[in-house]
Amino acid sequence: MKNVTFTKSRLATAIAVLMASSLVQAQDTSTADNAASEDIEVIQISGIRGSLIRSMDVKRDASGVVDAISAEEMGKFPDTNLAESLQRITGVSVSRSNGEGSQITVRGFGPEFNLITLNGRQMPGTGNTRSYNLENLASDGISAIEVYKTARAENPSGGLGATVNIITVKPLQSPGLRYSVSAKGIYDSSNEEGDDITPELSAIFSNTFADEKFGVAISVSHQQRDFQRQYANIQGWQAQTSLPVLDAANVIDARPEDAEGNKIGPAFFAKDMNYGIDDVERERSNGQVTLQFAPVDNFVATLDYTASQATTGVNTIGWGIWNEFGGNINAYELDENGTAVYADISGNDGSFTASRNTTEVTARSVGLNLDWQVTEDFHLSLDYHDSDNKTDNGADKGLGSDGQVIIGSDQLVTKIYDYRTGDIPQASILWRNGTNELTPGEMDSNFSQFTHSPGKSDIKQLQLDSTWYNSVFDIPLASIKAGVAYTDQTMGGHNAWSGLRGGAGFSPSFTEIFPDSMFTRHSTAGFLDEFSGGGLNMASPYYYTYSFDEAVARQAAYLTEGLMGADAYVADAYYDGIDSESSVQEETLSMYLQSDWQFDIGRFPARFNASVRYEETDVTSTVRQTVPQQVVWASASEWITQYLQGEDTFLTLTGKHDVLLPMFDFRIDLTDDIVARVSWGKTIARAPLGNLAGGRSLSGSPKIGSRTGSEGNTNLQPFESTNLDLSLEYYYAEGSYASVGYFKKDVKNFIANETVEAQFDGLHDIYLGPRYLEAEQQLIAAGDANPDTSAIYQQMLDNGHGNANGVIEPTANDPLITWLVTRPYNSNDKSVDGFEVAVQHLFGETGFGVGANATFVDGDVKFDVTSLEVQSPLNGLGDSANFQAFYENHGLSVKVTYAWRDSYLIGVGQSQGSADAPPQFAKTFGQWDMSINYDINDNLTVFFEGINLNNETEQGYGRYEEQFLFARQYGTRYALGVRYSFP
C-alpha cells in the first residue's frame, strides 16, 4: 500500500469518490463503473486521514442522511470494538456491558429501535431479543459501517432510529494478495483473580486468482480478557403510602405539607442494599470466510460464512441487607421528595452471597449472493441467508445453570441504611452478638437457587433486487430499483428455575453445616475506592468470601429429602421442570419501488429519490403456561408460587399487521462545497418479544406489595414513525467539513402498559386472611402495637398453621389474591426532535486533525418521576457528544478520543420495585481513550492502546438521584501490540 498526502484537486476528489463508492453494497455498482475503475491507478490513502476522507465522501455522496466509518487499513478499524467506533458518529451513543460498548442508541432511540444488517442482510438479535450486542463481533474483518438515519425503501424494515449496515471485506473489490496479522497483550488494571496479561490475536487474508475470476478472503480473531467489576446495588425502591407512627425524635420528614399539615406525596424506601465483586473471564472468537466467483465480467457469485462465539464466566461474592417493610421501621429521614436517605429497620437478614454464571453467545450466518449485470441498463441481485444467534447462561459444564448461594443470618437487632453523605449508600448491622460483625460460626443456610434461560433468534431471508438505469428516455429519471423479499424470523427461549432450594429463611437453623475454615475475611480497602465513601470509609469495612462449590456440596449432603422434604437441596434448575417457554414467529412478505431522479434547478445540481415499501407480517406466538396452584408463606420474608405438576399447556395465538412506508430524499448542491438535504419518510420498529408473546405469567416470588403478573398481546401493531430531516453540509477542504441538521420523529402506536387488578380462582391470600388477622391481634394484645410480618409469621406458626417444613399454606377461607397484571397496548402518539452538529478539520499537510459532534434531543416521551402511574417513556433519550484529535505523519499516529453521554432512562421497572414500575436512570458518563501507532517499516507497525484512561465509573438511580440503584467500577485497560501487513 502506498501512503501519500496531497492537497485538494479535481483528480483527488474524483479518486476519493471512487474509493468511497467501493464501500457501498456491491449490487449498487454497475459493470460500466467497474470497467472504468480497472483503467485507473487508485492511490489509496491509509491511516486515520484516509479513513476520515472515505467516511466523509460516503456522507457527501449519499442520498439522504448517511454517516459512515471506514477501516483505517486492512485489519485495522478505528476502535477496538464496533460499538465504540459507532459512537464517533453524530447522534449515536452506546450502552456498555462489562466496560465495553455493547448496544447503540441513535437519536434517543434505544437498541430495540435500531436494525443491524450485515452486508445488507437483516441480522437476528442476541438470543431471545431484537437487540444486537456488537461487542461479540470483532472489527478485524470489517471494511466499513454505514448508518442510515433516514428511510430507504431498499433497506429491511425495523430501523426506526437507524439502520446500521456492517460491510465485510470482499476479495474481488480489492484484487491481489493482501493480508494482515496482529497480536497484542491486554492489561486490565482491575484484574485480581485472572491472568494479568491476556492475548488478542487476529489475521485477515485476501487474494484473487485466475485473472481475478476467483477470490477468497478469510479473517479470524481470538480475544481473552480477565477483569474485575466492583459494584454497589439496590434492587428496587418501593413507594410507601403509610408509615408507622414513631416518636418524633426518630423522624425527619422534609416533604411539603398541605393546609391541614399532612405530608404531600409518598415515601420511598430501598428494598435492600448490597455490594459485590465480580471476577470475570471472557473469551471471544470470530471467523469469516468469503468466496467470490466471477466467470464472466457481468456476473459475481459470493458465498460467505460468518461465525462468532463469546463465553463470559463470572464468579461473584456479594454481601448486604434485605428489608421487609411494615412495622419494622424504627427511625427514618426523608428528603423533600420523600426518599429515605436514612432508615433504621428491624428484622429480616444480612447475607453473604456466592454466585457463578457462564454465558455463551454463539452466532453464525451463511449467505449466497448472485449479482448479475444483465445488460448495461439492467441489474439483478438475488440474496439468501440463514442466520441465528443463541445465548445460553448454562454454559458452565459442571453446573449447567446460573447458580446463587445465600448464606447469612437473621440474628440481628437492627439494620442501618444511610445515604446522607458520599457517592454510595452505607449499610451496617447490629448483630445480636453485640457487635457490627457476624462471625463465621454464626453463618447459617438461607437458600440457593439455580436458573437456566437459553434463548435463540434466527432469520431466514430471501431477497430479489432489480435496477433499471435509464439510458433511453431523455428525462431526469436516472434509475428505478425494485425488489421483493421473504423473511422468516423466530425468537424464543425457555426458563427453568429450581425454586428456593434448602428452604427459604433461617428457620430451622443449620449453622453446623459450615465450618469456620470455609470463610475468609477481607477488608474493603480498595473496594469502590473511586467513589466517596468507598474503601475503608465504608460503614461495614469487611466481607467474607467462600467457595461456591464447597457451599453447594455441604448443603446438598446435609439438607437431604429425609430432612427437608420438598425443600431438599438439589442444585438443579430443572428440579420441577421448565417453568416457562415462549416463541414468536414473524413471517414478512415485503416489496419496494425506489426511483432516483437527477436534474438541475437553475444552475444548482439536484437529486430526488422517491420510494415506497409495503410489508405484510403474520405473527404466531406459542407460550408454555404453568398452572399456579397456590401461594405459600415459606419464611418470614419469602412467598412462593407453587405450580401443578404435569399440567403445563401450550397456548398458540396469532396476529397480523401490514404497513405502507412512503419516503423521499431531496438534495441540492448550492455550491461546489455546500449540500442541502430534505428527507421525509416512514419507518417502523416491531414490538418487543416479551410484549408479543401471548399468555399470562404470575410472579414466582409474590412478596407483599409485589403480587405482579404480565400478559402479552400478539396483535400489537409496530411502532410507526413519520420522520423529517433537514441538513446543511459544508465541505470546505479535503477531509474537512461542517454540518448541522434537524430531525423530528412522530411515533404512533407507541406501546404502553396498563396495570389492572385481577383475581384468579383458586389462588388464595394468606395475607389479611382470618388466620393472619388473628395472629396480628394476638400480638397487639401482648403489647406489640405495630407487629411486623416476621412476628406475625412466627405467631401463625405458634398457632399451628404451618406444615412440617414451617411453611404456611392458604385455605379456602382466605381471600383471593389481588394481582397487579401488566398488559401492553398501542397507545397515543409521541414525538422526538433534536439537532445534530458536527465538524471535522484536517490541518493541511501538518498531520493534525480534529473532529467533534454533538446531538441534542427532546420530546414528550420522558418519564414523569412525580407520577405513580405505570408509564411507557422512550428508553435511551439523552444528549451526547464526541471529540477526537489526532496527529499522523512520518509513520507515527496518535489519536485521543472522548465520548460523553448525558443522563438517560435505562428502562422502566426495577426487579424489587413497587408495582408502579419505577424507572432506572443512568448518570452522565464520559470516557477518554487513546491509541498510538508507529510504523517501523512499510509493513510492520507497533501500537499502544489505552481504554478508559480517566477510570470513569457507571452510576444509576431511580426517580431521583437520591434513589440510588447502582455504582460500578471497572478500571483502565492497556494494550501493547504489533501488526504486520502486506502489501
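What you see is a predicted model; the values in this text were computed from it and never measured.

**Student:** I'd like to hear about the overall build of the protein, residue by residue, with values.
**Tutor:** Secondary structure summary: the protein contains nine helices and 50 strands in total. On C-alpha atoms alone, the protein measures out to a radius of gyration of 30 Å, which is about the 30 Å that the 2.2 N^0.38 rule sets for 983 residues. Seen along its three principal axes, the alpha-carbon backbone of the protein occupies a region of about 100 × 60 × 55 Å. For the protein, with 983 residues in total, the buried portion stands at 56%. Of the contacts made within the protein by residues no fewer than 6 positions apart, 76% connect residues no fewer than 24 positions apart. If you sum the accessible surface of the protein, you get close to 38400 Å²; carbon and sulfur atoms cover 53% of it. Positive and negative side-chain charges in the protein, numbering 65 and 129 respectively, have mean positions lying 5 Å apart.

**Student:** Can you explain helix α9 (residues 789-798)? Please cite residues and give values.
**Tutor:** Every α-helix winds through 3.6 residues per turn, so residues three or four apart in the chain are directed the same way. Buried residues of α9: T789, I792, Y793, Q795 and M796, and no others. Buried residues of α9, viewed axially, fall in a sector of 165°; they line one side. Of the surrounding elements, those touching the buried residues of α9 are β30 (628-635) and α8 (770-781). Put simply, D788 is the residue that caps the front of α9, since its side-chain oxygen is 3.2 Å from the backbone nitrogen of S790. Positive backbone phi, at 85°, marks G800, one or two positions downstream of α9.

**Student:** Give me α8: which residues, what numbers.
**Tutor:** Over its twelve residues, α8 runs 16 Å from end to end, which matches the ideal 16 Å to within 8%, given 1.5 Å per residue. Within α8 the residues assigned to the buried category are R771, Y772, A775 and L779. What you see down the axis of α8 is that its buried residues fit within an arc of 105°, all on one side. For α8, the elements touching its buried residues are β30 and α9. Just downstream of α8 lies G783, where phi reads positive at about 110°.

**Student:** Go over the environment of G690 with me, naming the residues and quoting the values.
**Tutor:** For G690, the location among the structural elements is in helix α7 (residues 689-692). With 20 residues separating them in the primary sequence, G690 and L670 have C-alpha atoms 48 Å apart.

**Student:** How would you explain the packing of aromatic side chains if you had to name every residue and give the values?
**Tutor:** Counting across every chain of the model gives 36 aromatic pairs. For the ring pair W319 and Y543, a centre distance of 4.3 Å and an interplane angle of 5° mean the geometry is stacked. A residue pair is termed long-range when its members are at least 10 positions apart, and W319 in strand β15 (residues 299-322) and Y543 in strand β27 (residues 542-545) qualify at 224 residues. Across the pair, Y543 and W319 agree in class, each one buried. In textbook terms, an aromatic cluster arises when at least three aromatic residues are bridged by ring pairs, as seen for F352, F514, F519, Y542, Y544 and Y546. Just above the ring of F966 sits the side chain of R968; from NZ or CZ to the centre is 3.8 Å.

**Student:** Before we move on, could you go through empty space enclosed by the protein and cite the residues and values that matter?
**Tutor:** All told, the structure shown has 18 cavities of 30 Å³ or more when counted by the stated rule. Of the pockets and cavities examined, the largest cavity occupies roughly 400 Å³. Lining the largest cavity are 28 residues, with L52, A68, R88, Q840 and Q884 sitting closest to its centre. Sorting the residues of the lining of the largest cavity by element identifies α3 (47-61), β1 (66-70), β40 (830-842), β41 (848-859) and β42 (880-889) as the ones contributing at least two each. Considering every element that reaches the lining of the largest cavity, the biggest residue donor is α3, with six residues. Forming the walls of the second largest cavity are 15 residues, and the residues nearest its centre are L115, Q122, R130, G158 and Q489.

Rules and cut-offs
Residues numbered from 1 in each chain as written. Predicted model: local features only at pLDDT ≥ 70, side-chain atom pairs only at ≥ 80, totals over all residues. Heavy atoms only, no water. Helix = DSSP H or I, 4+ residues; strand = E, 2+ residues; numbered from the N terminus. Rg over C-alpha atoms; globule rule 2.2 N^0.38 Å. Buried < 20%, exposed > 50% of the residue type's maximum accessible area, 1.4 Å probe, protein only. Contact = heavy atoms within 4.5 Å. Areas by Shrake-Rupley, 256 points an atom, 1.4 Å probe, with all protein chains shown as cover. Lys, Arg positive; Asp, Glu negative; His and termini not counted. Charge placed at Lys NZ, Arg CZ, Asp CG, Glu CD. Arc of directions from axis to C-beta. Polar contact = N/O pair within 3.5 Å; in protein donor to acceptor, adjacent residues only side chain to side chain. Expected span 1.5 Å × (residues − 1). Phe/Tyr/Trp six-rings, centres within 6.5 Å; stacked < 30°, edge-to-face > 60°. Lys NZ or Arg CZ within 6 Å of the ring centre and 35° of its normal. 1 Å grid on protein atoms, 1.4 Å probe; cavity = no way out; pocket = protein on both sides within 12 Å on 5 of 7 lines; lining within 4 Å. Points joined across faces, edges and corners; volume = space filled by probe spheres on them.

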